[in-house]
Amino acid sequence: MAAAKYPKCERQHALVRVQFSHLLGLGVLLLGICLGRTTHADLGSGTLRMRGPASMLLGKDRSTTITLRDTKKPVRLQASVGTISEPQLANGSRTATYTPPSTRFPQVAIIVASTEDLDTVEFITIPLLGQPTIRVESEPRAVVHVGVDGKKFGPLKLNRRGQGKIRLVVPPGVETATVHSADHLGNEKKEPHTLGVPPFQQLVTLCPQGSDELVVVAIDRRGNAMTNAALQLEAEMGTLASPVMRAPGIYSARYQVHDDLVPVNSARLTASMPTAGPASTMTCKAQVPRETPSSILVSASNETFVAGSKTRIEVLARFTYTGKRLPRLVLPTVSVDLGTVSAVKPAGENRYRVVWTLPNAFQGKSKATIRVGMIGGGLDSQAQVKLEGGELAKIQLSSDKAQLVADRSATAVVHIQSFDQFGNAIPSEMVRLAAGQGTVGAVEVTADGGRASYRTPLRHDASQDTITARSASGIDASLSVLLDPAPRRIRANARLGYATNLGAVSSLAFAADAGYRIAMGQQGLILGLESGYFSSSETRPRSDEVEDVGMRIAVVPLIARAVYEVNTLPIQVYGGGGAGILFARATIESPRTGMRVERAPNVALSAILGARKRLGRGLIVLEAAYWRSNFDGMGLVGNIGGLRLTGGYGFEL
């Protein structure tokens, strides 16, 4: 059998002596193919929603319409074979006309739609069906039909020499057909027939123009998107990274150029798929990325801005390049942390100028910064202007403590700050400080002004002290400090009461004590000494009832004591104890023996419980105490201390 013939332009001749039934079968088959071609392929999930015919019959279909959704970005269309027009806007969508190639062999047309930055890339495939006429030979008068991709063409009755021709419709990717023949005796045979379909283009490349990526669309011979395409990429200048699949059938590779490239505008990029044959190689021309700036030089017309000067600062930014490639034009971005800037204006090649207006109020800043970058990032540079305040207009005093105890030892730090008329902090002038009651140390100059120490006076009443400041230029300021009264440390009181040991001693008693108070917050521990006097006299009958005996005991205590005081307003309650000596003088007088006197110091212990209440400038004191002191002499044995209840008046120093 002869190979199939794919005519380029010539019209096919009709077969001689073909039965009508054969022609009818062929017509029905072609009609079915034509009806099938009215179905459109729809990507559905793509943003462009590109649609085209399900297939086209080469030699019959002259052109078709491609539709896609209208977008705000310009869209470019590209076809692997044939031609496609520029998309036109109509009725809310864009349409383009696709014209297939003049060749008649079956192949697949890849229609690719992309935005300029290649951020969006979508494609559809259109199977282009070929119409080859094959010559068949078999037994004379045999009936022959040909199977192609599951479809039958024929039957055809061969002539008396056993020859005939059949026109087929072959989809892309089909390499062979099956010829089935049957003679008049009923003998059948099947033979494969090589169609000789040449390879076709299975790639479309999209070179970067507004991006740095090469995009390749790859399909197999049946028009299906390839998910494991073995692509080989080459760059005339620069390098191409390994391709990465962005979507089924769509691959991208980053394109980079070397710094040592000479200035050029474009370079050829080539993509091939060796497994698909030499026809699947495509070259496109990419715009070589221009050189980005290597640095930004920023300079300001003034290094210092003085508040109230109304100075406008001109800032010049210059973008520098190494000069190894054509420069990339960039748009600068300008930001400031204080004030405002004008619109950016060109000031020469790769130079830009802005006017920087600074406010008189610096918001606590000592420097203002202007920063210049470029859209898209990558470089950043800055310039700074020193901020200086105006003339002194205000002095402000502050203290780290607003309230102090006026005990002559409490201190605080007074801070001095100077401001101009706009509220900016400025270096302090020479300032003299004075206090109405307390004392102020020498002024120490600091970075934020100055400071000095303040010490309180001694006062036992609540009051307020005023600290004043005066600068060399005559600006005044003042600060008030609340003074809490200093606690009185010395306590003393005198009391009168009654003492009894429920035995030999029972009489009026006098007591006085003095002590030093150690403060413990609102409470206190009082350490002091106590003394006093009490005496008792009585007459006792002797046991022989002959004469009476007179007895007299006088006691002077000297006791060291410690009490803990609790402030339970409106009274103060205290309790504690003490130890010391009771100096006792005992006198016994009788008619027979006369007067006998014995003096003896005796160790004494005491327990104390009392209360105080402020009255006028002093304190009313009530106290109960129990003393224990043993006495043994002149027939007297026992405790000469006992219970003592006293009351009196005291004072504090």
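Predicted model, so just to flag it, every value in this text is computed and none were measured.

Draft legend 1. The arrangement of the overall build of the chain in detail. Helices and strands together make up the secondary structure of the chain, namely 1 helix and 53 strands. With 653 residues in all, the chain has 40% of them scored as buried. Counting contacts in the chain only where the partners sit at least 6 residues apart, residues at least 24 apart contribute 58% of the total. Looking at the chain as shown, the accessible area adds up to about 34500 Å², and 53% of this sits on carbon and sulfur atoms.

Draft legend 2. Looking closely at a positive patch on the surface. Residues Arg141, Lys157, Arg160 and Arg161 make up a contiguous surface patch of positive charge. Inspection of the secondary structure puts lysine 157 in strand β13 (residues 151-157). We classify lysine 157 as partly exposed; its relative accessible area is 38%.

Draft legend 3. Expanded view of the state of the cysteines. Under the counting rule described, the total for this entry stands at 1 disulfide. The side chain of cysteine 207 participates in a disulfide bridge whose partner is cysteine 284; the two sulfur atoms lie 1.7 Å from each other. Disulfide cysteine 207 to cysteine 284: torsion about the S-S bond roughly 75°, handedness right-handed. Taken together, the residues span a long stretch of sequence, with cysteine 207 in the loop between β17 (203-206) and β18 (213-218) and cysteine 284 in strand β24 (residues 281-287) at a distance of 77 residues.

Draft legend 4. Spatial organisation of the pattern of salt bridges. The full count for this structure, using the stated rule, is 25 salt bridges. Glutamate 565 is paired through a salt bridge with arginine 491; the nearest N and O atoms lie 2.8 Å apart. Residue glutamate 565 is located in strand β47 (residues 548-568), and its partner arginine 491 is located in strand β44 (residues 490-500); the two are separated by 74 residues in the primary sequence. With a relative accessible area of 5%, arginine 491 lands in the buried category. For glutamate 623, the salt bridge goes to arginine 561, with nearest N and O atoms at 3.1 Å. Taken together, the positions of glutamate 623 in strand β50 (residues 618-628) and arginine 561 in strand β47 put the pair 62 residues apart, joining distant regions of the chain.

Draft legend 5. Highlighting unusual backbone geometry. The omega angle of the peptide bond from glycine 154 to proline 155 is 0°, so this bond is cis rather than trans. By the element assignment, proline 155 lies in strand β13. At arginine 49, a residue that is not glycine, the phi angle is positive and equals roughly 50°. With respect to the helices and strands, arginine 49 occurs in the loop between β1 (40-42) and β2 (51-53). Here the phi dihedral of glutamine 363 falls at roughly 55°; this positive angle occurs in a residue that is not glycine.

Draft legend 6. Local environment of the sheet that holds strand β33 (residues 380-388). Taken in spatial order, the 4 strands of this open sheet run β26-β33-β32-β28, and their pairing is mixed. At either end of the open sheet lies a strand with only one pairing partner, and these are β26 (304-306) and β28 (332-336). Across the sheet, the axes of successive neighbouring strands diverge by a mean angle of 25°, strand direction being ignored. Where strand β32 (residues 367-374) lies against β33, 7 bridges are found, and the strand directions are antiparallel. Bridging from a neighbouring strand, glycine 373 pairs with aspartate 380 of β33.

Draft legend 7. How the structure looks around the sheet that holds strand β19 (residues 232-235). With antiparallel pairing, the 3 strands of this open sheet are ordered in space as β19-β23-β24. Two strands close off the open sheet at either side, each with one partner strand: β19 and β24. Taking each pair of neighbouring strands and ignoring which way they run, the sheet shows an average axis angle of 20°. Pairing geometry for strand β23 (residues 266-272) and β24, over 7 bridges, is antiparallel. Each residue of the ladder has a partner; that of serine 272, found in β24, is threonine 281.

Draft legend 8. Geometry of the pairing of strand β16 (residues 188-194). Two elements, strand β15 (residues 176-182) and β16, share 7 bridges in a ladder whose sense is antiparallel. Following the sheet pairing, threonine 176 is matched in β16 by threonine 194. Joining the antiparallel neighbours β15 and β16 is a turn of 5 residues, in which glycine 186 adopts a positive phi near 90°.

Draft legend 9. Quick look at the side chain of threonine 587. With respect to the helices, strands and loops of the structure, threonine 587 is situated in strand β48 (residues 571-590). Residue class for threonine 587 comes out buried when judged on its relative accessible area of 12%. A distance of 3.4 Å separates a polar atom in the side chain of threonine 587 from a polar atom in the side chain of arginine 585.

Draft legend 10. Structural context of the nonpolar core. Membership of the largest hydrophobic core comes to 23 residues, with the highest contact counts inside it found for Phe305, Ile313, Val315, Phe319, Trp356, Leu358 and Leu387. Breaking this core down by element, the ones donating at least two residues are β25 (295-300), β27 (312-320), β31 (351-357), β32 and β33. Excluding its chain neighbours within four sequence positions, the residues that come into contact with isoleucine 313 are Ala300, Ser301, Asn302, Phe305, Val354, Val355, Trp356, Leu358 and Val385.

Draft legend 11. Structural context of the packing of aromatic side chains. In the structure shown here, the tally under the stated rule is 3 aromatic pairs. Ring centres of phenylalanine 305 and phenylalanine 362 lie 6.2 Å apart, and the angle between their planes is 65°; this geometry places the pair in the edge-to-face category. Of this pair, phenylalanine 305 sits in strand β26 while phenylalanine 362 is found in the loop between β31 and β32, placing the two residues 57 residues apart along the sequence.

Thresholds applied
Residues numbered from 1 in each chain as written. Predicted model: local features only at pLDDT ≥ 70, side-chain atom pairs only at ≥ 80, totals over all residues. Heavy atoms only, no water. Helix = DSSP H or I, 4+ residues; strand = E, 2+ residues; numbered from the N terminus. Buried < 20%, exposed > 50% of the residue type's maximum accessible area, 1.4 Å probe, protein only. Contact = heavy atoms within 4.5 Å. Areas by Shrake-Rupley, 256 points an atom, 1.4 Å probe, with all protein chains shown as cover. Patch = residues over 30% accessible without salt bridge, like charges linked within 9 Å, V, L, I, M, F, W, Y side chains within 5 Å. Salt bridge = Lys/Arg side-chain N within 4 Å of Asp/Glu carboxyl O. Lys, Arg positive; Asp, Glu negative; His and termini not counted. Charge placed at Lys NZ, Arg CZ, Asp CG, Glu CD. Disulfide = S-S within 2.5 Å. Pairing = 2+ DSSP bridges. Axes fitted to C-alpha atoms, helices over the stretch in contact; angles between N-to-C directions. Polar contact = N/O pair within 3.5 Å; in protein donor to acceptor, adjacent residues only side chain to side chain. Core = buried A, V, L, I, M, F, W, Y, C linked by side-chain atoms within 4.5 Å. Phe/Tyr/Trp six-rings, centres within 6.5 Å; stacked < 30°, edge-to-face > 60°.

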